[in-house]
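The lines below spell out each chain.
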Amino acid sequence: MTPEKTPGQDAVPAHLRTAIDAATRSASEGGGPFGAVLVTADGQEFVAVNRVTAENDPTAHAEISVIRAAAAALGTPDLSGATLHVSCEPCPMCLCAALWARLGRICFAADRHDAARGGFDDAAFHDFFTASREQRDAMLPVDHVSVASCPEPFDAWKANPDRTDY
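All values derive from a computational prediction rather than experimental measurement.

**Student:** I'm lost on the sheet that holds strand β4 (residues 105-110) in this one. Help?
**Tutor:** By way of backbone hydrogen bonds, the strands of a sheet pair with one another, either parallel or antiparallel. Spatially, the 4 strands line up as an open sheet ordered β2-β1-β3-β4, and their pairing is mixed. Every other strand in the sheet has two partners, leaving β2 (45-49) and β4 as the edge strands with one partner each. The mean angle between the axes of side-by-side strands here comes to 15°, regardless of whether they run parallel or antiparallel. Of the pairings in the sheet, the one linking strand β1 (residues 35-39) to strand β3 (residues 83-88) comprises 4 bridges and is antiparallel in character. Paired with V39 across the two strands is T83, which belongs to β3. Helix-sheet contacts for helix α3 (residues 62-74) involve β1, β2 and β3, and the interaxial angle to β2 is about 145°.

**Student:** What is the right way to look at the nonpolar core in this model?
**Tutor:** Nonpolar side chains in soluble globular proteins generally cluster together in the buried interior. Grouped together as the largest cluster of nonpolar side chains are 22 residues, with contacts concentrated most on A36, L38, V66, I67, L79, L84 and L103. Those elements that place two or more of their residues in this core are β1, β2, α3, β3 and α4 (92-100). For this core, the element with the most residues is α3, which contributes 5 residues. Setting aside anything within four residues of it in sequence, one finds V66 in contact with A36, L38, F46, V47, A48 and L84.

**Student:** Honestly, the environment of T59 in this entry has me stumped. Any pointers?
**Tutor:** On the secondary structure map, T59 appears in the loop between α2 (52-55) and α3. Owing to a relative accessible area of 26%, T59 belongs among the partly exposed residues under this scheme. Once the C-alpha coordinates of T59 and M93 are considered, the two residues, 34 residues apart in sequence, prove to be 8.1 Å apart. In this structure T59 touches I64, R68 and M93, once residues within four positions along its chain are discounted. Here the side chain of T59 touches D57 through a polar contact of 2.6 Å, side chain to side chain.

**Student:** Honestly, the pairing of β4 in this entry has me stumped. Any pointers?
**Tutor:** The side chains of a regular strand alternate, first on one face of the sheet and then on the other. Inspection of the sheet shows β3 paired to β4 by 5 bridges, in the parallel sense. Paired with H85 across the two strands is C107, which belongs to β4. Taking the sense of rotation as the criterion, the β-α-β connection linking β3, α4 and β4 turns out right-handed.

**Student:** Help me understand α3 in this model?
**Tutor:** Helix length check: α3, at 13 residues, gives a terminal C-alpha distance of 18 Å against a target of 18 Å (1.5 Å per residue), a fit within 8%. Those residues of α3 that sit buried are A62, E63, I64, S65, V66, I67, A70 and A71. Taken together, the buried residues of α3 touch β1, β2, β3 and α4. Following α3 by one or two positions, G75 has its phi on the positive side, about 70°.

**Student:** Hey, could you run me through the environment of R102 in this one?
**Tutor:** Residue placement: R102 occurs in the loop between α4 and β4. Considered as a pair, R102 and A27 are 75 residues apart in the sequence and their alpha carbons are 29 Å apart. Those residues in contact with R102, other than ones at most four positions away along the chain, are D78, L79, S80, G81 and Y166.

About the criteria used
- Residues numbered from 1 in each chain as written.
- Predicted model: local features only at pLDDT ≥ 70, side-chain atom pairs only at ≥ 80, totals over all residues.
- Heavy atoms only, no water.
- Pairing = 2+ DSSP bridges.
- Helix = DSSP H or I, 4+ residues; strand = E, 2+ residues; numbered from the N terminus.
- Axes fitted to C-alpha atoms, helices over the stretch in contact; angles between N-to-C directions.
- Contact = heavy atoms within 4.5 Å.
- Core = buried A, V, L, I, M, F, W, Y, C linked by side-chain atoms within 4.5 Å.
- Buried < 20%, exposed > 50% of the residue type's maximum accessible area, 1.4 Å probe, protein only.
- Polar contact = N/O pair within 3.5 Å; in protein donor to acceptor, adjacent residues only side chain to side chain.
- Right-handed = clockwise from strand over helix to strand, strands pointing away.
- Expected span 1.5 Å × (residues − 1).

Interpretation in functional terms is not warranted from these geometric data alone.
Printed below as a string of structure tokens:
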């Protein structure tokens, strides 16, 4: 007896295949070995690859690139209900971007250990958030500096009746 499939279940492997194919193509052409497919709640598809070295931009991961492309094309930073299909487990930066974009789901193929075996070990970035203050400071000191005027930008934001909340 064949198990019941939920709607969209068949699409996940196809989108992951597209992400993997894009990543493989990128790697063979001198780009990074990461690909992403973002499918919006209404079925629109966006594809991107890692562009870190092509653009000299450390934030140009495939996930960030596809979120940027989709948000620009749709004219909104809110991608609620979208699914992100990626060739490899997202790093913490990409996970945070997915949270900010309000994505509904992430599906990934390779995991962080596969990436490490391929020369992309981001364990330190994952560990940063659970490390002690001393360990974090050794990696990247992040210091709060109290400034009396620090609330001014937020006050200006709240006072602006034309702001776009996000």
